[in-house]
Amino acid sequence: MKKNIGNVDRIIRVIVGLAIIAFGVFNQSWWGLVGLIPLATAAVGFCGLYGVCNMSTCQVDSSKPQVK
């Protein structure tokens, strides 16, 4: 799996994931488990939906040659 999540995207995913988990714990709901999805994708650095849509938020290093 090639990483397709950039640093800013990762930070946002961690914040959103923790907020969803906190909401679920506060409301004593199993919906807090949904917060594990953005946390897991941030930890791994790969988003399956981005892969399907051929998207990436990673910055391109201009010092390396681009292979297509």
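Here the structure is shown first, and the text comes after it.
In this text the structure is predicted, and so the values were computed from the model without any measurement.

Focus: the packing of aromatic side chains
Two descriptors summarise a pair of aromatic rings, namely the distance from one centre to the other and the angle between the planes of the rings. A full pass over the atoms with the stated rule returns one aromatic pair. Both rings, one in Trp-30 and one in Trp-31, keep their centres 4.7 Å apart while their planes meet at 25 degrees; by these two values the pair is stacked. The same class applies to Trp-30 and to Trp-31, which are both exposed. Positioned above the aromatic ring of Tyr-50, the side-chain terminus of Arg-13 is 5.1 Å from the ring centre.

Section: a nonpolar patch on the surface
Judged by side-chain polarity, Trp-30, Trp-31, Leu-33, Val-34, Leu-36 and Ile-37 come together as a nonpolar surface patch covering roughly 680 Å² of accessible area. Along the chain, Leu-36 turns up in helix α2 (residues 36-44). By relative accessible area, Leu-36 is classed as partly exposed at 47%.

A word on α2
Those residues of α2 that fall on the buried side of the exposure criterion are Pro-38, Thr-41 and Ala-42. Projected down its long axis, α2 shows its buried positions confined to an angular sector of 100 degrees, all on one face. In this structure, the buried side of α2 is in contact with α1 (7-26). Gly-45 occupies a position one or two residues after α2 and carries a positive phi of about 85 degrees.

Describing the environment of Tyr-50
With respect to the secondary-structure elements, Tyr-50 resides in helix α3 (residues 48-52). Given a relative accessible area of 16%, Tyr-50 falls into the buried group. With 45 residues separating them along the chain, Tyr-50 and Ile-5 place their C-alpha atoms 8.4 Å apart.

Describing the pattern of salt bridges
If you walk through the whole model with that rule in mind, you get one salt bridge. The shortest N-O distance in the salt bridge between Arg-13 and Asp-9 comes to 3.1 Å. Remark: Asp-9 and Arg-13 occur in helix α1; sequence separation between them is four residues, near one turn of the helix. On the basis of relative accessibility, which here comes to 14%, the residue Arg-13 falls in the buried class.

Brief notes about unusual backbone geometry
Despite not being glycine, Gln-28 shows a phi value in the positive range, around 50 degrees. Looking at the element boundaries, Gln-28 is found in the loop between α1 and α2. Unusually for a residue other than glycine, Asn-54 sits at a positive phi of about 60 degrees. Within the secondary structure layout, Asn-54 lies in the segment after α3. Take Asn-54: its relative accessible area is 73%, and that puts it in the exposed class.

The rules behind the values
- Residues numbered from 1 in each chain as written.
- Predicted model: local features only at pLDDT ≥ 70, side-chain atom pairs only at ≥ 80, totals over all residues.
- Heavy atoms only, no water.
- Phe/Tyr/Trp six-rings, centres within 6.5 Å; stacked < 30°, edge-to-face > 60°.
- Buried < 20%, exposed > 50% of the residue type's maximum accessible area, 1.4 Å probe, protein only.
- Lys NZ or Arg CZ within 6 Å of the ring centre and 35° of its normal.
- Patch = residues over 30% accessible without salt bridge, like charges linked within 9 Å, V, L, I, M, F, W, Y side chains within 5 Å.
- Areas by Shrake-Rupley, 256 points an atom, 1.4 Å probe, with all protein chains shown as cover.
- Salt bridge = Lys/Arg side-chain N within 4 Å of Asp/Glu carboxyl O.
- Helix = DSSP H or I, 4+ residues; strand = E, 2+ residues; numbered from the N terminus.
- Arc of directions from axis to C-beta.
- Contact = heavy atoms within 4.5 Å.

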